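Here is what each chain is made of, one letter per residue.
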Amino acid sequence: MFDLRPVVYVIGLLVAALGVTMLIPMGIDLAYGSPDWAVFLESAVITTLVGGSMALSTANGVGKGLSIQQTFLLTTGVWLALPVFAALPFLFSEIDASLVDAFFEAMSGLTTTGATVLSGLDDMPKGLLFWRALLQWYGGIGIIVVAMVFLPELRVGGMQIFRSEAFDTMGKVLPRAAEIAGRISQIYLFLTLVCAATYYAVGLPPFEALYHAMTTIATGGFSSTDASFGAFRGAPEYVAAFFMILASLPFVRYIQLLTGTARPILVDPQVRAYLLTILVITLMMTLYRLLANGDHVGRGFGEVLFNVTSIISGTGYASVDYQLWGAFPVVVFFFIGLIGGCAGSTACSIKVFRYQLLFSSIKAQIRAIHSPHGLFTPRYAGRRVDEDVLSSVMSFFVFFIVTLGVVSVLLGMTGLDFTTSVSGAAAAVANIGPGLGDIIGPAGNFGSLSDTAKWILAITMLIGRLELLAVYVLFTVKFWQG
């Protein structure tokens, strides 16, 4: 019989931990004299009590490891339960958010999507603002652990190709997850603090520097102003671009770097391809702006570098409305959002390594057509790629395209126009943040959408953040049959 107790136990612990951390924004509200401190106290008590009760009532069912079924359920269960409780401060606060808006904002935060339904951020209580950044910061480190421990173990989307690098976790998912999370946390915290100090050095006030450092390293994209990063033009854009790139590189390479081994990050094919892609697209877009719009090279390069890095990494900041640059840049921004960063990072979307495996497989097929008697196998980083990895990657691409299409149709059925429906679906399933068009583009937000559209997008964020198949498998009969 399927034992839910270990799953509920872990979810309960994490929910209780989330409740305890609500005391941080409560302290910020107290420091700024905001009455919303009581909102966080109430939310913290409810969340901690419920989470603690879940953990205590199922502690007797905790064993030494988790089965594959339990691991799948835990992965999705955590990302579904935490936003429910993370939404409480939005529900109880003075902004008086509706249930769907509160859940949407919490889900967007924890999945590091960065899409928002809130406006008036400049006048919002500091505690609630910081809670948004904190959710993204938690979500960033959480998804690294999932990518390094759970997804390779579950053989989702070709991630098993990184299993040896993410350590052998079979039968030891929870202990190894805790160990890896501890090592990642040190690097994650260090990058956040350095980023905050750099933001402060280039002119951001202390609160904004820390806030944007947290959402930058998480590649989340929440900002403390309605103008997003448009309020911090110039040097901060270059700082943000640099740290967004660092955050979208594999964190396992940083662990190896700290042990004195620099070679892995230097020869990693996805790192090279990712950096080259950003460089080529930035130069191409800068040249386009120079020739088509007559823009200044220096200013144009900075704006392009920032916004290209923001979208390709899935961060979702916007310093300008790049839709005003012309039709060509809009098309480019749509497609680079579907590329994503490196596996094992806080970045979102499809990920570079999957494209590399796809192209390697296509190359092998073309060579086989030209030389029918030859034996050609796809390779990645000099190693032969197993059939199960290729099958997982191809399945991911198919499910990604189908999901994008289905969500686009569902959004269109709510009355949204074609551009808003398709770009909104892409923004959610790839966890990018802003869409395209006048409503959800870089100069807008998702607040004016219908409740139905918001529910669809919130669930899509969850599915996209967990690499699709980790969620879809829960709806198969075979999964529940063991």
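Above this note sits the structure.
Okay, so let's go over this structure.

Criteria and cut-off values
- Residues numbered from 1 in each chain as written.
- Predicted model: local features only at pLDDT ≥ 70, side-chain atom pairs only at ≥ 80, totals over all residues.
- Heavy atoms only, no water.
- Core = buried A, V, L, I, M, F, W, Y, C linked by side-chain atoms within 4.5 Å.
- Buried < 20%, exposed > 50% of the residue type's maximum accessible area, 1.4 Å probe, protein only.
- Helix = DSSP H or I, 4+ residues; strand = E, 2+ residues; numbered from the N terminus.
- Contact = heavy atoms within 4.5 Å.
- Polar contact = N/O pair within 3.5 Å; in protein donor to acceptor, adjacent residues only side chain to side chain.
- Phe/Tyr/Trp six-rings, centres within 6.5 Å; stacked < 30°, edge-to-face > 60°.
- Axes fitted to C-alpha atoms, helices over the stretch in contact; angles between N-to-C directions.
- Parallel < 35°, antiparallel > 145°, perpendicular 65-115°, else oblique.
- Left-handed = near helix turned anticlockwise from the far one by under 90°.
- Patch = residues over 30% accessible without salt bridge, like charges linked within 9 Å, V, L, I, M, F, W, Y side chains within 5 Å.
- Areas by Shrake-Rupley, 256 points an atom, 1.4 Å probe, with all protein chains shown as cover.
- Salt bridge = Lys/Arg side-chain N within 4 Å of Asp/Glu carboxyl O.

## A few points about the nonpolar core
Now for step 1: If you look at the biggest cluster of nonpolar residues, it comprises 157 residues, and the most contacted ones within it are F90, W131, I184, Y199 and I336.
Now for step 2: Top element by residues in this core is helix α7 (residues 126-154). It accounts for 19 residues.
Now for step 3: Apart from residues lying up to four places away in sequence, Y199 is in contact with L204, A209, H212, A213, T216, F229, P236, V239 and A240.

## Comments concerning the side chain of T315
Now for step 1: Take T315: it is sitting in the loop between α14 (297-312) and α15 (327-336).
Now for step 2: Within polar-contact distance, the side chain of T315 engages the side chain of S313 at 2.7 Å.
Now for step 3: In this structure, T315 is in contact with T113, T215, T219, G220, G221, M244, S310 and I432, ignoring residues within four places of it in sequence.

## Observations regarding the packing of aromatic side chains
Now for step 1: Following the criterion strictly, the structure yields 28 aromatic pairs and no others.
Now for step 2: Between F242 and F243 the ring centres are 5.2 Å apart and the planes differ by 85°, which places this aromatic pair in the edge-to-face class.
Now for step 3: For the pair F306 and Y317, a centre-to-centre distance of 6.2 Å together with 15° between the ring planes defines the contact as stacked. Highlighted residues: F306 in helix α14 and Y317 in the loop between α14 and α15, separated in sequence by eleven residues.

## With respect to the packing of helix α16 (residues 352-370) against helix α17 (residues 387-413)
Now for step 1: Across the interface, α16 lies against α17 with an axial gap of 10 Å and an inter-helix angle of 110°. It follows from the interaxial angle that α16 and α17 lie roughly perpendicular. Crossing of α16 over α17 shows left-handed handedness. Touching R354, Y355, L357, L358 and S361 of α16 are V389, L390, V393, M394, F396 and F397, all from α17.

## Here we look at a nonpolar patch on the surface
Now for step 1: On the surface, V20, L23, L30, W37, L41, V45 and L49 cluster together to form a nonpolar patch covering roughly 600 Å² of accessible area.
Now for step 2: For the nonpolar patch, the secondary-structure elements that each account for two or more residues are α2 (23-32) and α3 (37-58).
Now for step 3: Of all the elements, α3 adds the most residues to the nonpolar patch, at four residues.
Now for step 4: Structurally, L41 is set in helix α3.
Now for step 5: Residue class for L41 comes out partly exposed when judged on its relative accessible area of 35%.

## Digging into unusual backbone geometry
Now for step 1: At K351, a position not held by glycine, the phi torsion is positive, near 90°.
Now for step 2: Here K351 shows up in the loop between α15 and α16.
Now for step 3: At E467, a residue that is not glycine, the phi angle is positive and equals roughly 60°.
Now for step 4: Structurally, E467 is set in the loop between α20 (451-465) and α21 (469-472).

## Description of the environment of A81
Now for step 1: Tracing the backbone shows A81 in helix α4 (residues 68-86).
Now for step 2: Owing to a relative accessible area of 17%, A81 belongs among the buried residues under this scheme.
Now for step 3: The sequence separation of A81 and M107 amounts to 26 residues, and the corresponding C-alpha distance is 9.9 Å.
Now for step 4: Beyond its immediate stretch of four places on either side in the chain, A81 contacts I11 and V15.

## So, the pattern of salt bridges
In a structure, side chains of opposite charge can pair up when their charged atoms sit close to one another.
Now for step 1: As enumerated under the stated definition, the model contains twelve salt bridges in all.
Now for step 2: Between R253 and D268 there is a salt bridge, with the nearest N and O atoms lying 2.8 Å from each other. Residue R253 is found in helix α11 (residues 251-258), and its partner D268 is found in the loop between α12 (263-267) and α13 (269-293); the two are separated by 15 residues along the sequence.
Now for step 3: Accessibility expressed as a relative area gives 8% for R253, which makes it buried.
Now for step 4: The buried category is assigned to D268, whose relative accessible area is 2%.
Now for step 5: Residues K351 and E467 are paired through a salt bridge, measuring 3.3 Å at the closest nitrogen-oxygen approach. Highlighted residues: K351 in the loop between α15 and α16 and E467 in the loop between α20 and α21, separated in sequence by 116 residues. Of the two residues examined, K351 and E467, each falls in the buried class.
Now for step 6: Among the charged side chains, a salt-bridge network with shared partners connects R233, E237, R289 and E303.

Structural measurements only, silent on function.
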